[in-house]
Amino acid sequence: MRLIFLGIGGTLPTADRSLSSVAVEIGSVRFLLDCGEGTQKQLMRSNFSYMKLDAIFISHFHGDHILGIPGLLQTLSLNNRRKELYIIGPTGTRELIEHMERISFYRREYSLIVGEAEPGEEFDVKGVRVRTIPSRHSLQGLIYRLEEPTPEYVVNRERVKERAAEVGVDPEEYTKMLLKKIEKGESVDEELLKRPRPGRSLVYTGDTAFFEELVEFSKGADVLISEATFPSEMEEKALEWGHMTVAQAARLAKEASVGMLFLIHFSPRIKGVEGIEEVRREAQAIFGNSAVPEELEEYVVRKRRSPPGKPSK
Ligand SMILES: [Zn+2]
Ligand SMILES: [Zn+2]
């Protein structure tokens, strides 16, 4: 799984921060989590191919999360995209996209498949399992959990190579034979297979206040991408505006025993490099595996050997 943080700013862009959007690659599937204004420019500066994009997930309809969509849709068209594009969001997404398509003239030659997810709904997009719960924000919204499927088996290449050599068959041919046997449901030597590592999972909060159910929903995720709009001392304001503080996001990560926390969506109140440094320090003091990504910074999330352990007390 590869992540590129295209924008880490919340509410409005600043000279040095772009708005919310994270590019995610899971195997060969490519998603965008939100698409704030300026996202397409950030995509062009990254090595994420927007032409190969499969789906855009919308957390909610505030401008800082969606205003990049119309421009991106048009750019895809101008680049002769033919592949369909999924857009998934809360109730009202269909109407929103219809409006967006009418704000300027363009001809679209690819199909848009717009899906409205009910809070709590589970579905698959391009083989990735998607689960949602409603957020607690000033506007209806969804929190997403994306799960890569865990394969039923993995071929043990080394053993297969040895076995193939023993019987004098090309290892590639031997692997093909083995896979065919499995496909047909025939039993094969267990020694030739490995226990697969569990598929990776990611939770994206969008904008939300902290609430208990979020801990359960995020439990054991490999990656938690959480909003951390406010400095830690502004917990009351955060609750009132439907956002989290840095400390709340870090506590969420700790309680949910996630693998890694990425904090994003910072209010312009958190100023400059020093402000970000402070966020990093505070978050890491609560949850060691916290990171504040730089814009356009890329992270590779490897598969874990075993599912994550119990939450630390
Ligand atoms: Zn926002
Ligand atoms: Zn919002």
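Side note on the nonpolar core
No. 1: By size, the foremost hydrophobic cluster in this structure holds 69 residues, and its most contacted members are Val-24, Phe-57, Leu-224, Ala-249, Ala-253, Leu-261 and Leu-263.
No. 2: Take this core: its biggest share by element is 6 residues, from helix H9 (residues 246-255).
No. 3: Not counting the four nearest positions on each side in its chain, Leu-263 is found in contact with Ser-226, Ala-228, Val-246, Ala-249, Val-279, Ala-283, Ser-290 and Val-292.

Considering the packing of helix H5 (residues 157-167) against helix H6 (residues 171-183)
No. 1: Between H5 and H6, the shortest axis-to-axis distance is 9 Å and the interhelical angle comes to 110°. Relative to H6, the element H5 lies roughly perpendicular. Residues Val-160, Lys-161, Arg-163 and Ala-164 of H5 pack against Pro-171, Tyr-174, Thr-175 and Leu-178 of H6.
No. 2: Partitioned by chemical class, the residues of the contact of H5 with H6 number 5 nonpolar, 1 polar and 2 charged.

Section: unusual backbone geometry
No. 1: Notably, Thr-11 is not glycine yet its phi reads approximately 70°, a positive angle.
No. 2: Tracing the sequence through the fold places Thr-11 in the loop between strand S1 (2-7) and strand S2 (21-26).
No. 3: Phi is positive for Lys-126, close to 50°, though the residue is something other than glycine.
No. 4: Mapped onto the secondary structure, Lys-126 falls in the loop between strand S7 (122-125) and strand S8 (128-134).
No. 5: Overall, Lys-126 belongs to the partly exposed group, with 14 C-beta atoms counted inside 10 Å.

What about the environment of Gly-38?
No. 1: Inspection of the secondary structure assignment puts Gly-38 in the loop between strand S3 (29-33) and helix H1 (39-45).
No. 2: Spatially, the C-alpha atoms of Gly-38 and Ser-18 are 6.8 Å apart, while their sequence positions differ by 20 residues.
No. 3: Beyond its immediate sequence surroundings of up to four residues, Gly-38 is in contact with Gly-7, Pro-13, Ser-18, Leu-19 and Gly-68.

A short note on helix H3 (residues 69-78)
No. 1: Considered for burial, the residues of H3 that qualify are Ile-69, Pro-70, Leu-72, Leu-73 and Leu-76. Seen from one end, H3 has its buried residues packed into an arc of 165°, which puts them on one side.

Remarks on the confidence of the model for the protein
No. 1: In the predicted model, the protein carries a mean pLDDT of 93, and the fraction of residues at 70 or more is 97%.
No. 2: Low pLDDT, under 50, characterises residues 309-313; the predicted model gives this stretch 7 contacts beyond four residues in sequence or across chains.

Things to note about the pairing of strand S9 (residues 142-147)
No. 1: Where burial is concerned, most of S9 is hidden: 5 out of the 6 residues are buried.
No. 2: Pairing of S8 with S9, which is carried by 6 bridges, proceeds in the antiparallel orientation. Its bridge partner lying in S9, Thr-132 is registered against Tyr-144.
No. 3: Bridge count between S9 and strand S12 (residues 201-204): 4 bridges; the pairing is antiparallel. Within the sheet, the bridge partner assigned to Glu-147 lies in S12 and is Ser-201.

About the thresholds
- Residues numbered from 1 in each chain as written.
- Chains lettered and ligands numbered in written order.
- Predicted model: local features only at pLDDT ≥ 70, side-chain atom pairs only at ≥ 80, totals over all residues.
- Core = buried A, V, L, I, M, F, W, Y, C linked by C-beta atoms within 7 Å.
- Buried ≥ 20, exposed ≤ 12 C-beta atoms within 10 Å, placed from the backbone.
- Helix = DSSP H or I, 4+ residues; strand = E, 2+ residues; numbered from the N terminus.
- Contact = placed C-beta atoms within 7 Å.
- Axes fitted to C-alpha atoms, helices over the stretch in contact; angles between N-to-C directions.
- Parallel < 35°, antiparallel > 145°, perpendicular 65-115°, else oblique.
- Nonpolar A, V, L, I, M, F, W, Y, C, P; charged D, E, K, R; others polar.
- Arc of directions from axis to C-beta.
- pLDDT = per-residue confidence, 0-100.
- Pairing = 2+ DSSP bridges.

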